[in-house]
Amino acid sequence: FPQNNFIPTAVNDGDEIVTLAVYSDRLLQFNNNVLYVHNISQADSYLEGTYKFKGVESPASVCTTDKGVAWANKLGAYFYDGNKVHDLLRKKGTSLISQRTWSNFVDTAIMTGYISSKHQLIFGSDISTGDDDSVDGEAYIYSLVTRSWVRASSGTVADAIKSNFASDYNGDLIYYDYNAGNMQVWDPLPDSSNKVNMLTKDIDFGQPSVRKKVYKVYISYKGDASAVTLNYSVDGKNDVHAGQFYRIGSTGASTGATESDTPFYGSTVGTDNWVNAEFKPTAAINNIYSFQLKFDGEATANFEINDISIVYRMKNIK
């Protein structure tokens, strides 16, 4: 190689290069503790950015997508879109996943992969069996479309020593399971689950110190939600969700009767069209400051939620 085929970077920084990634006209140099971004758009490249604490411990922690470069470490998950580094654990100044929760999930060599058919990133806790049995095989999935997170249960990825995530010729996400001795292919299709657990944020409607009255909740859904529980809590009491709604009928309208923890229609509403379900609380939700919904129980593979709307009124300030 010619002597001028090199890129100047930080030297004698007490760190080592773990892996490299390229997106657009930027070269990302991942060290253990720091990320260096090099601009290679011109004949003379130059160091464009230095990001401390954005390094990685393993090449398995970095993946390149058609939209940018994603990676993760003990401190967070990140995405570079060609212009800036985005912190995926935070959105508009709000933490989507707490630092403690993420640190407990992550082992040293976190795995990062890309599910191209769904435009999703997947983060596995470790390429080995891990030190913490409580998180073995668990994963976090991040949607680049909705910019939201889902935590997958244990066994989502093999609880064994495994390779990094990669994409095959079909664009499918794959990794090698050394314990089973075969290649695993990610299945993006939904499955039925008895581990549904979804909380909305504690909604204060933009006025945390003003009292409100909640009249009803509308949820557009399709499929079979007969075993899905739906409850609510108020005023930040997110450890107890005891509030109930009346059951709905097949058209989505509230029956105004039969208070239940499973207020969805008792059978499938079909999958061809969305049903706008009306949930009326069995007790008045008045003079509250915030409101939260909790979905739990079991869900079939065809159950989908499109949107949630809350009918409420601000109370006069006295």
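In this report, the structure presented in the accompanying data block is examined. Nothing here was measured: the structure is a model prediction, and the numbers come from that model. (Residues numbered from 1 in each chain as written. Predicted model: local features only at pLDDT ≥ 70, side-chain atom pairs only at ≥ 80, totals over all residues. Heavy atoms only, no water.)

**Quick look at a positive patch on the surface**
Part 1 of the reasoning: Where like charges cluster on the molecular surface, the positive patch consists of Lys 91, Lys 92, Arg 147 and Lys 201.
Part 2 of the reasoning: Residue placement: Arg 147 occurs in the loop between strand S13 (139-143) and strand S14 (148-152). (Patch = residues over 30% accessible without salt bridge, like charges linked within 9 Å, V, L, I, M, F, W, Y side chains within 5 Å. Areas by Shrake-Rupley, 256 points an atom, 1.4 Å probe, with all protein chains shown as cover. Salt bridge = Lys/Arg side-chain N within 4 Å of Asp/Glu carboxyl O. Lys, Arg positive; Asp, Glu negative; His and termini not counted. Charge placed at Lys NZ, Arg CZ, Asp CG, Glu CD. Helix = DSSP H or I, 4+ residues; strand = E, 2+ residues; numbered from the N terminus.)

**Observations regarding the sheet that holds strand S12 (residues 120-124)**
Part 1 of the reasoning: Read across the open sheet, the four strands follow the order S11-S12-S13-S14; overall the sheet is antiparallel. Because the sheet does not close on itself, it has two edges, and the strands there are strand S11 (111-115) and S14. Sheet twist, expressed as the average angle between the axes of neighbouring strands with direction ignored, equals 20 degrees.
Part 2 of the reasoning: When S11 meets S12, the two strands line up antiparallel, connected through five bridges. Counterpart to Tyr 114 in the pairing with S12 is Leu 121. (Pairing = 2+ DSSP bridges. Axes fitted to C-alpha atoms, helices over the stretch in contact; angles between N-to-C directions.)

**Considerations on the nonpolar core**
Part 1 of the reasoning: One finds Tyr 221, Phe 264, Phe 279 and Phe 291 to be the most contacted residues of the largest nonpolar core, which totals 27 residues.
Part 2 of the reasoning: Apart from the residues lying within four places of it in its own chain, the contact partners of Phe 264 are Ile 219, Tyr 221, Ala 225, Val 228, Leu 230, Arg 247, Ile 248, Phe 279 and Phe 295.
Part 3 of the reasoning: Counting 19 residues, the second-largest nonpolar core is a separate cluster that includes Phe 105, Phe 123, Tyr 142 and Trp 149. (Core = buried A, V, L, I, M, F, W, Y, C linked by side-chain atoms within 4.5 Å. Buried < 20%, exposed > 50% of the residue type's maximum accessible area, 1.4 Å probe, protein only. Contact = heavy atoms within 4.5 Å.)

**Thoughts on the packing of aromatic side chains**
Part 1 of the reasoning: Inspection of the entire model under this criterion finds 20 aromatic pairs.
Part 2 of the reasoning: Between Tyr 176 and Tyr 178, the aromatic rings sit 4.9 Å apart at their centres with planes inclined by 75 degrees, giving edge-to-face as the arrangement.
Part 3 of the reasoning: We classify Tyr 176 as partly exposed; its relative accessible area is 27%.
Part 4 of the reasoning: By relative accessible area, which is 52% here, Tyr 178 ends up exposed.
Part 5 of the reasoning: For the pair Tyr 221 and Phe 264, a centre-to-centre distance of 4.9 Å together with 80 degrees between the ring planes defines the contact as edge-to-face. Highlighted residues: Tyr 221 in strand S19 (residues 212-222) and Phe 264 in the loop between strand S22 (254-260) and strand S23 (275-279), separated in sequence by 43 residues. For the pair formed by Tyr 221 and Phe 264, the shared burial category is buried.
Part 6 of the reasoning: Cluster of aromatic residues (ring-pair linked, three or more members): Tyr 221, Tyr 232, Phe 245, Phe 264, Phe 279, Phe 291 and Phe 303.
Part 7 of the reasoning: Directly above the ring of Trp 274 sits Lys 222, whose terminal nitrogen or CZ lies 4.5 Å from the centroid. (Phe/Tyr/Trp six-rings, centres within 6.5 Å; stacked < 30°, edge-to-face > 60°. Lys NZ or Arg CZ within 6 Å of the ring centre and 35° of its normal.)

**A word on unusual backbone geometry**
Part 1 of the reasoning: Residues other than glycine seldom take positive phi values, yet Lys 92 does so here, at roughly 55 degrees.
Part 2 of the reasoning: Its location among the elements puts Lys 92 in the loop between strand S9 (90-91) and strand S10 (94-95).
Part 3 of the reasoning: For Lys 92, a relative accessible area of 82% gives the class exposed.
Part 4 of the reasoning: The backbone of His 119 shows a phi angle near 55 degrees, a positive value even though the residue is not glycine.
Part 5 of the reasoning: Turning to its location among the elements, His 119 is positioned in the loop between S11 and S12.
Part 6 of the reasoning: Note on His 119: relative accessible area 29%, which makes it partly exposed.

**Comments concerning the side chain of Gln 292**
Part 1 of the reasoning: Note that Gln 292 resides in strand S25 (residues 291-299).
Part 2 of the reasoning: Note on Gln 292: relative accessible area 5%, which makes it buried.
Part 3 of the reasoning: Within the local environment of Gln 292, its side chain forms a polar contact with the side chain of His 241, the two groups lying 2.9 Å apart.
Part 4 of the reasoning: Among all residues touching Gln 292, those that are not within four sequence positions of it are Leu 199, Thr 200, Lys 201, Asp 202, Asn 231, Tyr 232, Ser 233, Asn 238 and His 241. (Polar contact = N/O pair within 3.5 Å; in protein donor to acceptor, adjacent residues only side chain to side chain.)

**Concerning the sheet that holds strand S16 (residues 173-177)**
By way of backbone hydrogen bonds, the strands of a sheet pair with one another, either parallel or antiparallel.
Part 1 of the reasoning: What the three strands build is an open sheet, ordered S15-S16-S17; its pairing is antiparallel. Bordering the open sheet on either side are strand S15 (166-167) and strand S17 (182-185), each of which pairs with just one other strand.
Part 2 of the reasoning: Across two bridges, S15 lies against S16 in antiparallel orientation. The residue bridging Ala 166 from the neighbouring strand is Ile 174, located in S16.

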